[in-house]
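One-letter residues, chain by chain:
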Amino acid sequence: MKQNIIPTKARKVRKAVIPAAGLGTRFLPATKAIAKEMLPIVDKPTIQFIVEEALKSGIEDILIVTGKAKRPIEDHFDSNIELEQNLLEKGKTELLKLVEETTDINLHFIRQSHPKGLGHAVLQAKAFVGNEPFVVMLGDDLMNITGNETPLTKDLINDYEKTHASTIAVMKVPHDDVDKYGVIDPNGEVSKGLYNVERFVEKPNVDEAPSDLAIIGRYLLTPEIFDVLETQVPGAGNEIQLTDAIERLNKTQRVFAHEFTGKRYDVGDKLGFVETTIEYGLEHPQIGANLKNYIIEKAKELSQDDSKNITKK
Ligand code: UTP
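What counts and what doesn't
Residues numbered from 1 in each chain as written. Predicted model: local features only at pLDDT ≥ 70, side-chain atom pairs only at ≥ 80, totals over all residues. Heavy atoms only, no water. UniProt positions renumbered as here; feature names shortened; annotations may be inferred. Near = heavy atom within 4 Å. Polar contact = N/O pair within 3.5 Å; in protein donor to acceptor, adjacent residues only side chain to side chain. Areas by Shrake-Rupley, 256 points an atom, 1.4 Å probe, with all protein chains shown as cover. Helix = DSSP H or I, 4+ residues; strand = E, 2+ residues; numbered from the N terminus. Buried < 20%, exposed > 50% of the residue type's maximum accessible area, 1.4 Å probe, protein only. Pairing = 2+ DSSP bridges. Salt bridge = Lys/Arg side-chain N within 4 Å of Asp/Glu carboxyl O. Axes fitted to C-alpha atoms, helices over the stretch in contact; angles between N-to-C directions. Parallel < 35°, antiparallel > 145°, perpendicular 65-115°, else oblique. Left-handed = near helix turned anticlockwise from the far one by under 90°. Contact = heavy atoms within 4.5 Å. Nonpolar A, V, L, I, M, F, W, Y, C, P; charged D, E, K, R; others polar. Patch = residues over 30% accessible without salt bridge, like charges linked within 9 Å, V, L, I, M, F, W, Y side chains within 5 Å. Core = buried A, V, L, I, M, F, W, Y, C linked by side-chain atoms within 4.5 Å. Phe/Tyr/Trp six-rings, centres within 6.5 Å; stacked < 30°, edge-to-face > 60°. Lys NZ or Arg CZ within 6 Å of the ring centre and 35° of its normal.

In the nomenclature of an unreviewed UniProt entry, the chain is known as UTP--glucose-1-phosphate uridylyltransferase of Lactococcus lactis subsp. lactis. The record held by UniProt for the chain lists under Sequence similarities (unreviewed entry) the comment "Belongs to the UDPGP type 2 family."

In structure tokens:
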């Protein structure tokens, strides 16, 4: 029988874990020497969007789990005295501000020695997290990057403040794509968009998927997840899957799913990455207008090519 074993005293969510130790094979060769989380959307590495979302959500301490390519991530969030001095001397104050924004954050780093899977990456955060609820944020998914909406991480924290339970972000995806995700079997809504979950299934067959509600890259977890991860055996892809551990956690305490209805950018995928670059670029104060003109001209050119092809046929 499921029980709510969270202590009566609610604990504030202060910590975030950002796993960035995957091999990033979909972006090879770009990711041979740098983590995919350092690939920029126009002028900002994806991991910086994630760190900004964490800070906007009230997170105070962030642990980044790094792999072999950790140096550029550490350097990105460290001060660069030579660069700052140079920008200061040249009076480039706007650029200096941008550079300084990435420092002075409570960031910590830990190494995942072998990329054994997302669950294993999260397990590396055990000592950092201690006995507190925390969030896991994946650089593969950027949320609402051009708007001013409440960050999804903040929504999960708001849910936790009411339920004191783990809550996983999910989103409706096209049915044919469900085999790329962890998927939930929902069992009724406790409030609008907050589901009880019967089962969490990693990468189900399209015919067997219990719903089209797929897990996306934001998780609010209670620290009991670590006890589960300690004994989690490899699952899909022979990796230690976080979804499998959440499914086991769900057997001993309540785990909810929060449906995200905003705009998600799948930057872990090549096409998604390019689409995100275009959308963010269109809103960018320096290049937005020119990029829009370029796209309009390009679209005309492409539709002319298409009509020529149709005439030939
Ligand atoms: P992905 O499943 O996207 O794997 O990981 P990946 O290796 O990074 O990318 P591809 O599929 O080979 O292109 C989801 C998240 O989990 C992290 C990744 O860095 C990414 O943020 N991760 C994955 C780890 O930190 N460690 C792992 O062992 C696996």
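Once the structure has been displayed, the description carries forward.
What follows concerns the site of the ligand. Looking at the ligand, there are 17 residues lining it, with Thr25, Arg26, Gln112, Gly117 and Asp140 nearest. A distance of 2.8 Å separates an oxygen atom of the ligand from a polar backbone atom of Arg26. In the environment of the ligand, an oxygen atom lies 3.0 Å from a nitrogen or oxygen atom belonging to the side chain of Lys36. When the ligand is considered free in solution it has 570 Å² of accessible area, and contact with the protein chains removes 85% of it. For the shell around the ligand, the elements supplying multiple residues, two or more each, are strand S1 (15–20) and helix H5 (118–123).

Here strand S6 (residues 134–137) shows no split at all, with Phe134 and Val136 on one side and Val135 and Met137 on the other all buried. Sheet analysis places S6 next to strand S11 (residues 213–221), joined by four bridges and oriented antiparallel. Bridged to Val135 within S11 is Leu220.

This part is about the pattern of salt bridges. Tallied over the full model, the rule gives 20 salt bridges. Residues Arg14 and Glu60 are paired through a salt bridge, measuring 3.7 Å at the closest nitrogen-oxygen approach. Placement of the pair is Arg14 in the segment before S1 and Glu60 in the loop between helix H1 (46–56) and strand S4 (61–66), with a sequence separation of 46 residues. The residue Arg14 makes a salt bridge to Glu132 at a minimum N-O spacing of 2.7 Å. Residue Arg14 is found in the segment before S1, and its partner Glu132 is found in the loop between helix H6 (126–129) and S6; the two are separated by 118 residues along the sequence. Residues joined by salt bridges that share partners form a network here, namely Lys12, Arg14, Lys15, Glu60 and Glu132.

Moving on to the packing of helix H3 (residues 81–89) against helix H4 (residues 93–100). Interaxial distance between H3 and H4 falls to 8 Å at its minimum, and their mutual angle equals 160 degrees. Here H3 lies roughly antiparallel to H4, going by the angle between them. Crossing of H3 against H4: the hand is left-handed. Taking contact as the criterion, the partners of Leu83, Glu84, Leu87 and Leu88 in H3 are, on H4, Leu95, Leu96, Val99 and Glu100. Split by residue class, the contact of H3 with H4 holds six nonpolar, no polar and two charged.

This part takes up a nonpolar patch on the surface. Residues Val274, Ile278 and Leu282 make up a contiguous nonpolar surface patch of roughly 220 Å² in combined accessible area. Checked against the element boundaries, Leu282 lands in helix H10 (residues 270–283).

Now for the UniProt feature "domain: Nucleotidyl transferase" (unreviewed entry) in the chain. Feature annotation in UniProt places "domain: Nucleotidyl transferase" (unreviewed entry) on residues 15–275, given in this structure's numbering. Between the end C-alpha atoms of residues 15–275 the distance is 31 Å, and the span holds 29% helix and 27% strand.

Quick look at the side chain of Thr66 now. With respect to the helices and strands, the residue Thr66 is situated in strand S4. For Thr66, a relative accessible area of 1% gives the class buried. The residues touching Thr66, leaving out its near neighbours within four places in the chain, are Ala20, Ala21, Ile73, Phe109, Ile110, Arg111 and Gln112.

Take the nonpolar core next. One finds Ile62 and Ile64 to be the most contacted residues of the largest nonpolar core, which totals 39 residues. Among the elements that make up this core, the one with the highest residue count is H1 (five residues). By size, the runner-up hydrophobic cluster in this structure holds 33 residues, among which are Val122, Leu221, Ile246 and Ala257.

Time to look at the environment of Val122. By the secondary structure assignment, Val122 is in helix H5. Val122 sits 14 residues away from Val136 along the chain, and the two C-alpha atoms are 7.8 Å apart. Ignoring anything within four residues of it in the chain, the contact list for Val122 reads Pro19, Phe134, Val136, Phe226, Leu229 and Leu242.

The next point concerns the packing of aromatic side chains. Applying the stated criterion across every chain yields a total of three aromatic pairs. Measuring from centroid to centroid gives 5.5 Å for Phe27 and Phe273, while their planes differ by 65 degrees, and the two rings are edge-to-face. Placement of Phe27 in the loop between S1 and strand S2 (40–41) and of Phe273 in helix H10 is noted, with a sequence separation of 246 residues between them. What makes Phe27 buried here is its relative accessible area of 10%. Look at Phe273 and you get buried, because its relative accessible area is 14%. For the pair Phe49 and Tyr280, a centre-to-centre distance of 5.1 Å together with 80 degrees between the ring planes defines the contact as edge-to-face. Here Phe49, found in helix H1, pairs with Tyr280, found in helix H10; they are 231 residues apart in sequence, far enough to count as distant. For Phe49, a relative accessible area of 8% corresponds to the buried category. On the accessibility criterion, Tyr280 (13% relative accessible area) is buried. Between Lys15 and the ring centre of Phe128, over which it is positioned, the NZ or CZ distance is 5.3 Å.

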